[in-house]
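# Coordinate analysis (summary)
Residues per chain, in single letters:
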Amino acid sequence: SGCVHTSKETPSPSVIPPMPDAGRTEAPTRTPASMPSPSQDIPAPTKDLSAMPEQAEFIEVLNLKIGSGENELGYFEKPFPMYVTGPASFHVDGEGWIAVLDTYNLRVTIYEDSRQVYEIDLEDELVFPYFMCYSGEGFYILDITMEYVLFVDFTHDYIGKDIKHKPVVYELPEGCQASLVSGLDYTENGVTIYGNPHIYNLKDGSFIVGEETVFTQADDDRIIYKKGDMNWAIKQMENCRIEELYGTDKDGFAYVKHYEDFPEAPWAVFEKTIRCYNPLGEMYGCARIDDDKYFTFPTRDVIVMPDGRVYHMACLEDRVVIYEIILGRTYESRGKELVEDAIREYEQSIEEGIPSGYDGP
């Protein structure tokens, strides 16, 4: 429902995944370890197995230029190592609007029907906003310079009105360092900070240590993801690393970030995929994310909706694009291409007598 649905038809992706270069050997197609079977009574995220494409399809729902004006998002001129240098987070709402945390311009911008319809100017309250979540009544934003969480009110009813916002500041709990926080979310326990080593929940105006179970733990060759009373035992493959839990849907499917390592490269080279697992731990869809083509990397780049829709924010060099991703049964690996590019860059750096693999100051 809302503006995030462009049509019932699935157009071809405009940027991701790219078409193979002419003359280049095709990369192998990766097949999930457990292919979905029509006989299973657990539904696929599409709720129709026959509708799932062979490979993921990316539907563009928002395309924004780089800048500080309307329908634009800001980038810092030079990337900062280990820090976000563009939009930090985004939110897709069930009512059909999208919000983006514009770190450079210190604002939250709201989009509906592919255009900006509202702006929350937070220049007086924020310095380096890093995480954002939405509660239904407004946005909670963690600023790693100010070392606090800022709440600013907003609902869909604000669109088209001149609202005077009244931001509220919540100090971080003692022992919680903002630069070590790995996430901020709105859960069944309210506003939740994923700190190190504790998880904190906002209760009565203060953050207290929460009781949630840590999402991941090693168990032989499996990763056990836990959320509430549910858990997913996902088998790890060689040279693969399963990382954060992006989210779950109402049917109990888990959506996770997955990295594959290529040890033959001269430095760390990874290929990122989004993978969906059913409650039995079987893979039920995937999508390759070509983040080697991105300019900067948000703290939240994937949103999972309750009905299983997946949204991704891609921060490219000249624009920011938000896609709805239709997960596919398989994905085509670019591992060989990534390794060849790394070797070529390494050999060139040796010839020129300069270090390579790091572009920071």
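These notes cover the structure that comes with them. Every value quoted in this text rests on a predicted model; they were computed, and no experiment measured them.

Cut-off values and rules
Residues numbered from 1 in each chain as written. Predicted model: local features only at pLDDT ≥ 70, side-chain atom pairs only at ≥ 80, totals over all residues. Heavy atoms only, no water. Helix = DSSP H or I, 4+ residues; strand = E, 2+ residues; numbered from the N terminus. Buried < 20%, exposed > 50% of the residue type's maximum accessible area, 1.4 Å probe, protein only. Contact = heavy atoms within 4.5 Å. Areas by Shrake-Rupley, 256 points an atom, 1.4 Å probe, with all protein chains shown as cover. Salt bridge = Lys/Arg side-chain N within 4 Å of Asp/Glu carboxyl O. Phe/Tyr/Trp six-rings, centres within 6.5 Å; stacked < 30°, edge-to-face > 60°. Polar contact = N/O pair within 3.5 Å; in protein donor to acceptor, adjacent residues only side chain to side chain. Expected span 1.5 Å × (residues − 1). Pairing = 2+ DSSP bridges. Axes fitted to C-alpha atoms, helices over the stretch in contact; angles between N-to-C directions. Core = buried A, V, L, I, M, F, W, Y, C linked by side-chain atoms within 4.5 Å.

With that out of the way, let us pick up the overall build of the protein chain. The secondary structure content of the protein chain amounts to 1 helix and 26 strands. Split into buried and exposed, the 361 residues of the protein chain put 49% on the buried side. Of the contacts made within the protein chain by residues no fewer than 6 positions apart, 54% connect residues no fewer than 24 positions apart. Carbon and sulfur atoms form 47% of the exposed surface of the protein chain, whose accessible area is close to 17,900 Å².

We now examine the pattern of salt bridges. Tallied over the entire structure, the rule returns 14 salt bridges. Close ionic contact of D290 with R334 constitutes a salt bridge, the shortest N to O distance being 3.3 Å. On the criterion of sequence distance, the pair formed by D290 in the loop between β22 (283-289) and β23 (302-304) and R334 in the loop between β26 (331-332) and α1 (335-352) is long-range, its members being 44 residues apart. Each member of the pair D290 and R334 is classed as buried.

For the coordinates displayed, the defined rule picks out 20 aromatic pairs. Ring geometry for F58 and Y323: centres 5.6 Å apart, planes at 90 degrees, overall edge-to-face. Highlighted residues: F58 in strand β2 (residues 57-66) and Y323 in strand β25 (residues 319-326), separated in sequence by 265 residues. The interplanar angle of 70 degrees and the centroid separation of 5.5 Å between the aromatic rings of F253 and Y284 together place this pair among those described as edge-to-face. Here the residue F253 occupies a position in the loop between β19 (240-248) and β20 (254-261), and Y284 occupies one in strand β22, the gap between them amounting to 31 residues. Note on F253: relative accessible area 0%, which makes it buried.

Counting through the fold element by element, S135 comes out in the loop between β8 (129-134) and β9 (138-143). Among the polar contacts listed, one links the side chain of S135 to the backbone nitrogen of E137, at a separation of 3.2 Å. Setting aside chain neighbours within four positions, we find S135 in contact with Y140, F151 and Y186.

With 18 residues, α1 should reach 26 Å at 1.5 Å per residue; the first-to-last C-alpha distance of 26 Å fits that figure. Listing the buried residues of α1 in full gives G335, E337, L338, V339, A342 and S349. In this structure, the buried residues of α1 make contact with β21 (270-277). With its phi angle positive at about 70 degrees, G353 sits one or two positions after the end of α1.

Read from one edge to the other, the open sheet built from 4 strands follows the order β19-β20-β21-β22, with strand pairing classed as antiparallel. Each edge of the sheet is formed by a strand with only one pairing partner; in this case those strands are β19 and β22. Strand-to-strand, the axes of this sheet are offset by a mean angle of 25 degrees, without reference to chain direction. The pairing of β20 with β21 spans 8 bridges and is antiparallel. Across the sheet, the residue bridging to D261 is F270, located in β21.

Before going further, it helps to spend a moment on the pairing of β19. Relative to β20, β19 runs antiparallel, the two being bridged by 6 bridges. From the neighbouring strand, L245 faces β20, where its bridge partner is V256. The antiparallel hairpin formed by β19 and β20 contains 5 residues in its connecting segment, where G252 sits at a positive phi of about 85 degrees.

We now examine the sheet that holds strand β13 (residues 190-194). One open sheet accounts for 4 strands, arranged β12-β13-β14-β15; its pairing is antiparallel. Taken across any chain shown, the strands that pair with only one partner, and hence form the sheet edges, are β12 (183-187) and β15 (206-209). For this sheet, the mean inter-axis angle between neighbouring strands, taken without regard to orientation, is 30 degrees. As defined by bridge partners, β12 adjoins β13 across 5 bridges and the pair is classed as antiparallel. Bridge pairing links G183 to Y194 in β13.

With respect to the helices and strands, I199 occurs in strand β14 (residues 199-203). A relative accessible area of 14% means that I199 is categorised as buried. In this structure, the C-alpha to C-alpha distance between I199 and E211, residues 12 residues apart in sequence, is 7.5 Å.

Okay, the nonpolar core next. One finds V108, F139, Y140, I141, L142, F154 and I193 to be the most contacted residues of the largest nonpolar core, which totals 41 residues. At the level of elements, β5 (98-102), β6 (107-112), β7 (115-121), β8, β9, β10 (148-153), β13 and β14 are the ones that each hand at least two residues to this core. Beyond its immediate sequence surroundings of up to four residues, F139 is in contact with W97, A99, V108, I110, I120, M132, C133, Y134, L150, F151, V152 and F154. Counting 20 residues, the second largest nonpolar core, distinct from the first, contains F58, Y294, V302 and L316.

The next subject is the environment of N63. Looking at the secondary structure, you find N63 in strand β2. When the C-alpha atoms of N63 and I322 are compared, they prove to be 6.6 Å apart, with 259 residues separating the residues in sequence. Polar contacts involving the side chain of N63 include one to the side chain of E60, which spans 3.4 Å.

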